[in-house]
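# Understanding the architecture of this molecule
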Amino acid sequence: MSGPERYIAESAIFGDTNLVDWTIAPAMRTVAANAKDAEDARRLLEMLGLIEARPVSDSPAVVVCQSPCVKCGKPGRKPSQSLEKWPGTVILKGRGMCAPCYTAVLNAEREARDVVA
């Protein structure tokens, strides 16, 4: 065994993590060729020490919603979308509002209409 294979084998034996560029590029290509998806490749490259690990955050994941409720500002989702896919959101009912806000607006409009009549 000579060349890059020998250097990689010796590095693995002695725990040398300071690999030179000519050993890193083939290793990254091999990982990319054998990974199932991008996240799998990232995990493998992190395990091998070829890329920096992502910082782990204790904060909850940010929910990106299509649009918030116009009145209360809660993150909203369409009625056809599941709560599992969009945690922390409410269903938008009508006029871009969640059900409680929409019901309150309708009741206020009914009362205003009944007072006039």
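Residues numbered from 1 in each chain as written. Predicted model: local features only at pLDDT ≥ 70, side-chain atom pairs only at ≥ 80, totals over all residues. Heavy atoms only, no water.

### Here's the deal with the overall build of the chain
- The secondary structure content of the chain amounts to 4 helices and 4 strands.
- Helices (α) and strands (β) of the chain occur, in sequence order from the N terminus, as α-α-α-β-β-β-β-α.
- Counting the 117 residues in the chain, one finds 17% classified as buried.
- Looking at the chain alone, contacts between residues at least 24 apart form 22% of all its contacts between residues at least 6 apart.
- In the structure as shown, the chain presents an accessible area of about 9,000 Å², 59% of it carried by carbon and sulfur atoms. (Helix = DSSP H or I, 4+ residues; strand = E, 2+ residues; numbered from the N terminus. Buried < 20%, exposed > 50% of the residue type's maximum accessible area, 1.4 Å probe, protein only. Contact = heavy atoms within 4.5 Å. Areas by Shrake-Rupley, 256 points an atom, 1.4 Å probe, with all protein chains shown as cover.)

### Re the nonpolar core
- Formed by Cys69, Leu92, Met97, Cys98, Cys101 and Val105, the largest nonpolar core amounts to 6 residues.
- Listed by contribution, the elements that provide at least two residues to this core are β4 (97–98) and α4 (99–116).
- Excluding residues within four positions of it along the chain, Val105 makes contact with Lys71, Arg95 and Met97.
- Core analysis: the next-biggest nonpolar cluster, separate from the first, contains 5 residues, Val31, Ala35, Ala41 and Leu50 among them. (Core = buried A, V, L, I, M, F, W, Y, C linked by side-chain atoms within 4.5 Å.)

### Some words on the sheet that holds β4
- The 4 strands are arranged β1-β2-β3-β4 in an open sheet whose pairing can be described as mixed. For this open sheet the edge positions go to β1 (67–68) and β4, each flanked by a neighbour on one side alone.
- Sheet topology note: the strand β2 (residues 75–77)/strand β3 (residues 90–94) ladder contains 2 bridges and is parallel. Across the sheet, Arg77 pairs through a bridge with Ile91, a residue of β3. (Pairing = 2+ DSSP bridges.)

### Points about the side chain of Gln81
- Note on placement: Gln81 falls in the loop between β2 and β3.
- With relative accessibility at 17%, the residue Gln81 sits in the buried group.
- Among residues more than four places away in sequence, those in contact with Gln81 are Gln66 and Trp86.

### What to know about the pattern of salt bridges
- If you walk through the whole model with that rule in mind, you get 2 salt bridges.
- A salt bridge links Glu109 to Arg95, with the nearest nitrogen and oxygen atoms 2.7 Å apart. Residue Glu109 is located in helix α4, and its partner Arg95 is located in the loop between β3 and β4; the two are separated by 14 residues in the primary sequence.
- By relative accessible area, which is 34% here, Glu109 ends up partly exposed. (Salt bridge = Lys/Arg side-chain N within 4 Å of Asp/Glu carboxyl O.)

### Observations concerning the pairing of β3
- Both β3 and β4 contribute to a ladder of 2 bridges, which runs antiparallel. Bridged to Leu92 within β4 is Cys98.
- Counting the residues in the hairpin turn of β3 and β4 gives 2 residues, including Arg95, whose phi is positive at 55°.

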